[in-house]
Every structure is written in structure tokens, then in C-alpha cells.
Amino acid sequence: MVTHSAEFYKKAPPQKGASSFVYPPTGDNLAFFAEALKAGCLVAIPTETVYGLAGLALDEAASRSIFQVKGRPLMDPLILHVANPGMVEQLADIPPGFSRLTEAFWPGPLTIILPKKPVVPNLVTAGKPTVAVRMPRHPVAHALLERVGQPLAAPSANPFGYVSPSTAQHVTDSFGDLVPFVIDGGACEIGLESTILDLSNADSPQILRPGAISAEQVSEVLGRPVQVRNQQLNLNQAATAPGTFNKHYSPKTKLSLFDEDENPSLSGNQAVVYLQRPSSIDDKHSYWLSEDGDMETIAKSLFALLRQLDAMGYESIACQKPNPAASGLAHAVADRMQRAAAK
Ligand code: TXA
Ligand code: MG
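Residues numbered from 1 in each chain as written. Chains lettered and ligands numbered in written order. Predicted model: local features only at pLDDT ≥ 70, side-chain atom pairs only at ≥ 80, totals over all residues. Heavy atoms only, no water.

(A) Looking closely at the overall build of the protein chain. Along the backbone of the protein chain there are nine helices and 15 strands. Expressed as a percentage of the 343 residues in the protein chain, the buried residues total 55%. Considering only intrachain contacts with a sequence separation of at least 6, the fraction spanning at least 24 residues in the protein chain is 66%. Per element, the accessible surface of the protein chain, about 14400 Å² overall, is 50% carbon and sulfur. (Helix = DSSP H or I, 4+ residues; strand = E, 2+ residues; numbered from the N terminus. Buried < 20%, exposed > 50% of the residue type's maximum accessible area, 1.4 Å probe, protein only. Contact = heavy atoms within 4.5 Å. Areas by Shrake-Rupley, 256 points an atom, 1.4 Å probe, with all protein chains shown as cover.)

Spelled out as C-alpha cells, the structure:
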């Protein structure tokens, strides 16, 4: 299925743990994985947001493997990752405002949707006339992109619909030998997927997915108002709004949410997740996303804790939700929690 993988697998650098598919980002390993990517293999890579399942973006076979490995519907387009803003010129038409955005936010967690050029396969964009591009700032992702010299398609490295991975271990936990090449770049600095800004109609920029870069920050740089797309979409609407499936990022365990100023209603075999360490812990099934409510720590911890609790066999999880009005990042955290809890 994954082109040339078997051949490269035989040549893979030696590993300490015989069964491990996770490799440290040494210079030799990066050189090897850059060659593997150029030959059409898939490699899971760290970024500052979440781990991505990367393959050559302009190679249809590699992109097709990405959809297959993730179990992702072909109607849900991929993000292209670039080594520098100049790389976008071959891929998309550049509207006014684009360079101001890249100067302000790249490399970093902002994905920008632009009108695509014909070189980008329709498979990659799910037949849409637009393409999503992002320049990641994680040094390992950046080094690989420079070595490969071509854009890499990289959706989050999780099975479709499941919680995104914020460590290399999360990737192998989900995929095992289906993704034998995972580069370990440590726990992701941000831990939530990038902000997605639709700039394909330059007159009406719109945030499709909230992330660490807020609508206010984008609006300030563009010097114009930026819409935030209403999140209440369902699967029937997904064809017009891919990437914004209501149910997404979900653990297998049933998840419910309660507000910051509420107490959870306790029931049965349930884990309770607080935003910060509670002053009195009355229950050994209490967990928290930060010591002190720091939103960056909460964002960074969320996916790891959901995955951990999912593996512990609870009947349900009750999770405290930040007030989305509190900050751009609180909005993004609340968005991911709502999607994880959607039926
Ligand atoms: O932080 C991130 O963005 C991570 C890291 C690996 O870069 N990537 C990521 O990719 O989250 P993915 O594929 O899991 O989520 C990207 C979303 C998809 O759900 C897709 O539907 C949407 O972006 N998307 C991609 N191209 C689009 C387009 N042309 N129009 C509308 N939405 C698009
Ligand atoms: Mg994803």
C-alpha cells in the first residue's frame, strides 16, 4: 500500500527497542527519512501543533496512501506544508494580505486556504478549487521540508475521527506497523491543530478552525474584520465545509462537558477532568489539565489526557470546559472539547 515502504524499511536505521517504530531526529535519521519521503514513503513528523502523517503532496500515490492509512474520506482535503513562503507560489494564487500574514505568523500554527494552481492534484484538495498551506515552525519538520525541497501533505497522524497525536508514542499507539516511520520531536509545543484561515476570497477572510492564532490577531494584521465560521455543522454539511466535521477528535469513551463555574454530576465509573488542580480532591478519579489554569498548558495537555483516560476503561469522562470568550486559545480548547463530546 505505502509505496516503496518495504524497501526502505529494510534499510531503516537500527533501533534500540526492536519493536519500536519511533526514531530520534539525528542528522543521519533525517537524511534517511528525507530520502524515504522523496521516494514516496509516508513518515510521521512532529510539528509545533500536532504530529502529522507526511507524504509528497504532488505525488498522487503518496497522498492516496495518506487517505488509506488514516481511513480518511476522500472528500476531506489535506494541508500542504512548505519550507518557506516562496514555495507557495508554485501551488496557489497569492492574494493581497498573504505576505503580511506570513511575515506575522510563519513559521507557525496558521494554515491559509488559497485558490489552487493546477499542479496540485485534485485528490489532495478533494476536488476543491482551493488548497490549504502552512509553514510549520518545529525544527524537525522544517529540516525535513528543506531537505525534501517539495511540499509535504500532512494531516494529523491519527485515524480519521480520533483524537490528534501530540507525542510520537500517540502515533504508534494508533497505527502500529501501519506507520513504521515516526520521528520523535518531543511533546508538541502547542498541542492543538493550527488555526485555519480561508483567504480564497480575499474580500471575506474567514476562520474555519480556531487555533493558537486568534481571529483578532489575524484581523489586526489584515486590517479588516475576519469572520469565524459557526461551528454547529453536521456531517451533511461537511461536503461544503470539510475539516469542520462536528464530531471529530473524539475519544471512544463517552465524553460530557461542564462549565467552568459548575460542578460535574458524578455517576458510576466516571473520570472527571478539571482545567486546574482542584483545591480539595475528593475522588481518585479526578484529573486536571494544568496546576493553575494556564491556558497554554491546558491546550498542550488536552489530547494526551483524553488518550490516557480512553485507555483506562472508564464508562464516561466529564470534562470542564473553558469559557470560550476568555481568550483565543480558550476558544480553540473549547472547540476541540465540543467536537470530542459531539454525538
Ligand atoms: O496543525 C495542523 O494543521 C496539523 C499539522 C500536522 O500541520 N494538520 C492538520 O491536518 O490538522 P488535518 O488534515 O488533520 O486537518 C486539516 C483540515 C482538514 O480537516 C481539512 O478538511 C481542512 O483542513 N482543509 C484542508 N484543505 C482545505 C480546503 N481547501 N478547504 C477547506 N478546508 C480544508
Ligand atoms: Mg486531523
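(B) Just the environment of I281, in detail. Considering the arrangement of structural elements, one finds I281 in the loop between β13 (270–274) and β14 (286–288). In this structure, the C-alpha to C-alpha distance between I281 and A318, residues 37 residues apart in sequence, is 15 Å. Beyond its immediate stretch of four places on either side in the chain, I281 contacts S286 and W288.

(C) Local environment of the layout of surface pockets. Considering only enclosed or pocket space, the second largest pocket measures out at about 190 Å³ in volume. Lining the second largest pocket are N263, P264, L266, V272, Y274, P278, S279, S280, I281, D282, D283 and S286. Classifying every residue of the lining of the second largest pocket gives six nonpolar, four polar and two charged. (1 Å grid on protein atoms, 1.4 Å probe; cavity = no way out; pocket = protein on both sides within 12 Å on 5 of 7 lines; lining within 4 Å. Points joined across faces, edges and corners; volume = space filled by probe spheres on them. Nonpolar A, V, L, I, M, F, W, Y, C, P; charged D, E, K, R; others polar.)

(D) View of the packing of helix α4 (residues 98–105) against helix α7 (residues 215–222). It is at 9 Å that the axes of α4 and α7 come closest, and there the two elements cross at 125 degrees. Between α4 and α7, the angle falls in the class oblique. Relative to α7, the crossing made by α4 is right-handed. For the pair α4 and α7, contact is made by R100, L101, A104 and F105 and by Q217, V218, V221 and L222, respectively. Of the residues contributing to the contact of α4 with α7, the split by class is six nonpolar, one polar and one charged. (Axes fitted to C-alpha atoms, helices over the stretch in contact; angles between N-to-C directions. Parallel < 35°, antiparallel > 145°, perpendicular 65-115°, else oblique. Left-handed = near helix turned anticlockwise from the far one by under 90°.)

(E) Region of interest: the nonpolar core. With 70 residues, the main nonpolar core has L80, L101, W106, L110, I112, F181 and V218 as its most contacted residues. If one sorts the elements of this core by residue count, helix α2 (residues 27–38) sits on top with six residues. Here L110 is in contact with L101, F105, V133, R134, S194, T195, L197, I213 and V218, once residues within four sequence places are set aside. (Core = buried A, V, L, I, M, F, W, Y, C linked by side-chain atoms within 4.5 Å.)

(F) The packing of aromatic side chains, seen in detail. Scanning the entire structure with this criterion turns up nine aromatic pairs. An aromatic cluster of at least three residues, connected via ring pairs, comprises F8, Y23, F32, F33 and F181. It is K11 that lies over the ring of F8; its NZ or CZ is 4.4 Å from the centre. The ring of Y162 is capped by K252, whose NZ or CZ atom sits 4.4 Å from the centre of that ring. (Phe/Tyr/Trp six-rings, centres within 6.5 Å; stacked < 30°, edge-to-face > 60°. Lys NZ or Arg CZ within 6 Å of the ring centre and 35° of its normal.)

(G) Looking closely at the pairing of strand β15 (residues 316–321). Among the six residues of β15, six are classified as buried, and the element is accordingly described as predominantly covered. Of the two faces of β15, the one lined by S316, A318 and Q320 and the one lined by I317, C319 and K321 are each fully buried. Of the pairings in the sheet, the one linking strand β12 (residues 254–259) to β15 comprises six bridges and is parallel in character. Across the sheet, residue S256 finds its bridge partner in β15, namely A318. With four bridges connecting them, β13 and β15 associate as parallel partners. The partner of V272 across the bridge, within β15, is A318. (Pairing = 2+ DSSP bridges.)

(H) Broad picture of the sheet that holds β14. Overall, parallel pairing links the four strands, which are arranged β12-β15-β13-β14 in an open sheet. The strands lining the two open edges of the sheet, one partner per strand, are β12 and β14. Strand after strand, the sheet turns through a mean of 25 degrees between neighbouring axes, direction not considered. Along the sheet face, helix α8 (residues 295–310) touches β12, β13, β14 and β15 and points at about 155 degrees away from the line of β14. Each of β12 and β15 is contacted by helix α9 (residues 328–341), which is oriented at about 140 degrees to β12, the strand it contacts most.

(I) Quick peek at unusual backbone geometry. For the peptide bond that leads from W106 to P107, omega is -5 degrees, which places it in the cis range. Along the chain, the position of P107 falls in the loop between α4 and β5 (110–115). The phi dihedral of A126 is positive, around 55 degrees, even though this residue is not glycine. Mapped onto the elements, A126 comes out in the loop between β5 and β6 (130–134).

(J) Summary view of helix α3 (residues 60–70). Every buried residue of α3 is listed here: A62, S63, S65, I66, F67, V69 and K70. Buried positions along α3 lie against β3 (52–56), β7 (152–153) and α6 (168–175). Its side-chain oxygen at 2.9 Å from the backbone nitrogen of A61, D59 defines the N-terminal cap of α3. (Polar contact = N/O pair within 3.5 Å; in protein donor to acceptor, adjacent residues only side chain to side chain.)

(K) Representation of the pattern of salt bridges in the model. By the definition in use, this model includes 11 salt bridges. The salt bridge partner of K11 is E7, with a shortest N-O separation of 4.0 Å. Judged by relative accessible area, E7 falls into the partly exposed class, the value being 43%. With a shortest N-O distance of 2.7 Å, R336 and E193 are connected by a salt bridge. Taken together, the residues span a long stretch of sequence, with R336 in helix α9 and E193 in the loop between β8 (182–183) and β9 (195–198) at a distance of 143 residues. Like R336, the residue E193 is buried in the burial classification. Several salt bridges converge on common partners, so that one network encompasses E193, D335, R336 and R339. (Salt bridge = Lys/Arg side-chain N within 4 Å of Asp/Glu carboxyl O.)

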